[in-house]
Amino acid sequence: MEKYLLAPLLIEKLGQGDGFRSFFARLLKALAIVGAFAALIVFFLGWKDLFALSSEAMIGGILYQMTFVVAVYLAVHCTLLRAAQVQEAAPGRPAAISVASVVLRLVGEVWGFASALLGSGGAVYVWFAGRRAEILLDKMRAFFPFLKAGPATFSAGAELIIQGLLYGALALLLGYLFSELLQLLPAGSGGEQGVAEPQD
């Protein structure tokens, strides 16, 4: 009877290295697709808001939208590449550590690349639109708190560029650092392992 129940089958599947990696590989692919659709919605809503701006501010908004598209492309493509990497076997390494190591690198890459791009695009936008740039920047504030509109001055835009580059570099550094620290954990003997089950 137990073999027909869902929970035991899921637990058994996740307890195997291949099943665990396959689950997270598919999850990352699904997140890439959902993220792409969400970004598409934000992109079109942004175009709608741009028509409320002056022609000068609209130019800055268009340039910002272009950097947004590049950031989304990099995020989706990196996620798909890392999903394929998660699927691959890591001899002598527990599956959970292998998956976590790849995911940490991915988080650093996505946040790092997007911070640098949106910081630069946001700077150009602020130079053209000033505080009116908040109409688009606010849409990404929850993920990138440093994206704040300011006066249309060189220093306000330069601050966004510097913050984007610094936060981006820090995200990459931390993502790769924690990933490599996980890889330094001693691997079990006897080849590839699955997910360790708690002992009673």
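Check the entry above for the structure.
Residues numbered from 1 in each chain as written. Predicted model: local features only at pLDDT ≥ 70, side-chain atom pairs only at ≥ 80, totals over all residues. Heavy atoms only, no water.

### Thoughts on empty space enclosed by the protein
If you walk through the whole model with that rule in mind, you get one cavity of 30 Å³ or more. Taken as a whole, the largest cavity spans an internal volume of roughly 50 Å³. Every residue lining the largest cavity is listed: Val42, Phe43, Gly46, Tyr64, Gln65, Phe68, Leu136, Lys139 and Met140. Elements with a contribution of two residues or more to the lining of the largest cavity: helix 2 (17-50) and helix 3 (55-87). Partitioning the lining of the largest cavity into residue classes produces six nonpolar, two polar and one charged. (1 Å grid on protein atoms, 1.4 Å probe; cavity = no way out; pocket = protein on both sides within 12 Å on 5 of 7 lines; lining within 4 Å. Points joined across faces, edges and corners; volume = space filled by probe spheres on them. Helix = DSSP H or I, 4+ residues; strand = E, 2+ residues; numbered from the N terminus. Nonpolar A, V, L, I, M, F, W, Y, C, P; charged D, E, K, R; others polar.)

### A word on the side chain of arginine 105
For arginine 105, the position within the fold is in helix 4 (residues 95-129). A polar contact is formed between the side chain of arginine 105 and the side chain of serine 179, at a distance of 3.0 Å. Not counting residues within four places of it along the chain, the set of residues in contact with arginine 105 comprises Arg82, Gly175, Tyr176, Ser179, Glu180 and Gln183. (Polar contact = N/O pair within 3.5 Å; in protein donor to acceptor, adjacent residues only side chain to side chain. Contact = heavy atoms within 4.5 Å.)

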